[in-house]
Amino acid sequence: QVQLVESGGGLVQAGGSLRLSCAASGIFFGINAMGWYRQTPGKQRELVASITISGGSTNYADSVKGRFTISRDNAKNMVYLQMNSLKPEDTAVYYCNTKRTWPSYDYWGQGTQVTVSS
């Protein structure tokens, strides 16, 4: 099993920056990627960014390209999301996620609130 704990959320003004951190612990066999999702009330969680553990390949939602950067430190079992040029539309609860491909399973953190004011 994998345990994920997010931190770094908060209240910022539009145009500001935040850096989210996700600390992972547990057994990582079968884990090949980690990512960040976000969710607002009444909506399904959406993928913000992901990164592979081995090669470091990244993927971003179109809405955050050029503003957000995902990175990882495998030695520390950490994944980060640097968020720049924040917009009010970025307001959401952000969740750390990792996927085990076989058997298929998703692990989630508890979430951290990000609020961007106008």
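Procedures and definitions
Residues numbered from 1 in each chain as written. Predicted model: local features only at pLDDT ≥ 70, side-chain atom pairs only at ≥ 80, totals over all residues. Heavy atoms only, no water. Disulfide = S-S within 2.5 Å. Helix = DSSP H or I, 4+ residues; strand = E, 2+ residues; numbered from the N terminus. Buried < 20%, exposed > 50% of the residue type's maximum accessible area, 1.4 Å probe, protein only. Salt bridge = Lys/Arg side-chain N within 4 Å of Asp/Glu carboxyl O. Core = buried A, V, L, I, M, F, W, Y, C linked by side-chain atoms within 4.5 Å. Contact = heavy atoms within 4.5 Å. Pairing = 2+ DSSP bridges. Axes fitted to C-alpha atoms, helices over the stretch in contact; angles between N-to-C directions.

### What about the state of the cysteines?
- Counting across every chain of the model gives one disulfide.
- The side chain of Cys-22 participates in a disulfide bridge whose partner is Cys-96; the two sulfur atoms lie 2.1 Å from each other. Disulfide Cys-22-Cys-96: torsion about the S-S bond near -85°, hence left-handed. Taken together, the positions of Cys-22 in strand S3 (residues 18–26) and Cys-96 in strand S9 (residues 92–101) put the pair 74 residues apart, joining distant regions of the chain. As far as burial versus exposure is concerned, Cys-22 and Cys-96 are alike and both buried.

### Details of the pattern of salt bridges
- Tallied over the full model, the rule gives five salt bridges.
- Residues Arg-38 and Asp-90 are paired through a salt bridge, measuring 3.0 Å at the closest nitrogen-oxygen approach. Here Arg-38, found in strand S4 (residues 31–39), pairs with Asp-90, found in the loop between strand S8 (78–83) and S9; they are 52 residues apart in sequence, far enough to count as distant.
- Take Arg-38: its relative accessible area is 7%, and that puts it in the buried class.
- In this structure Asp-90 comes out as buried when scored by relative accessible area, which is 2%.
- For Lys-65, the salt bridge is made with Asp-62, and the minimal N-O distance between the two is 3.1 Å. Per residue, the accessibility class of Lys-65 equals that of Asp-62, and both read exposed.
- Put simply, Arg-38, Glu-46, Arg-67 and Asp-90 are held in one network by salt bridges that share partners.

### Brief notes about the nonpolar core
- Ranked by internal contacts, the top residues of the largest apolar core, which has 28 residues, are Trp-36, Leu-81, Met-83 and Tyr-94.
- Of all elements in the fold, only strand S1 (2–7), S3, S4, strand S5 (46–52), strand S7 (68–73), S8, S9 and strand S11 (112–117) reach the threshold of two or more residues within this core.
- For Leu-81, the residues in contact, after removing those within four places along its chain, are Leu-18, Arg-19, Leu-20, Trp-36, Val-48, Ala-49, Phe-68, Thr-69, Ile-70 and Tyr-94.

### Some thoughts on the sheet that holds S7
- Pairing is antiparallel in the open sheet, where four strands are placed in the order S1-S3-S8-S7. Pairing within the sheet leaves two strands with one partner each, and these edge strands are S1 and S7. Averaged over neighbouring strand pairs, the angle between their axes works out to 15° when direction is ignored.
- In the sheet, S7 pairs with S8 via six bridges, with the strands oriented antiparallel. Considered in S8, the bridge of Ile-70 is made with Leu-81.

Worth remembering: the numbers are spatial, not functional.
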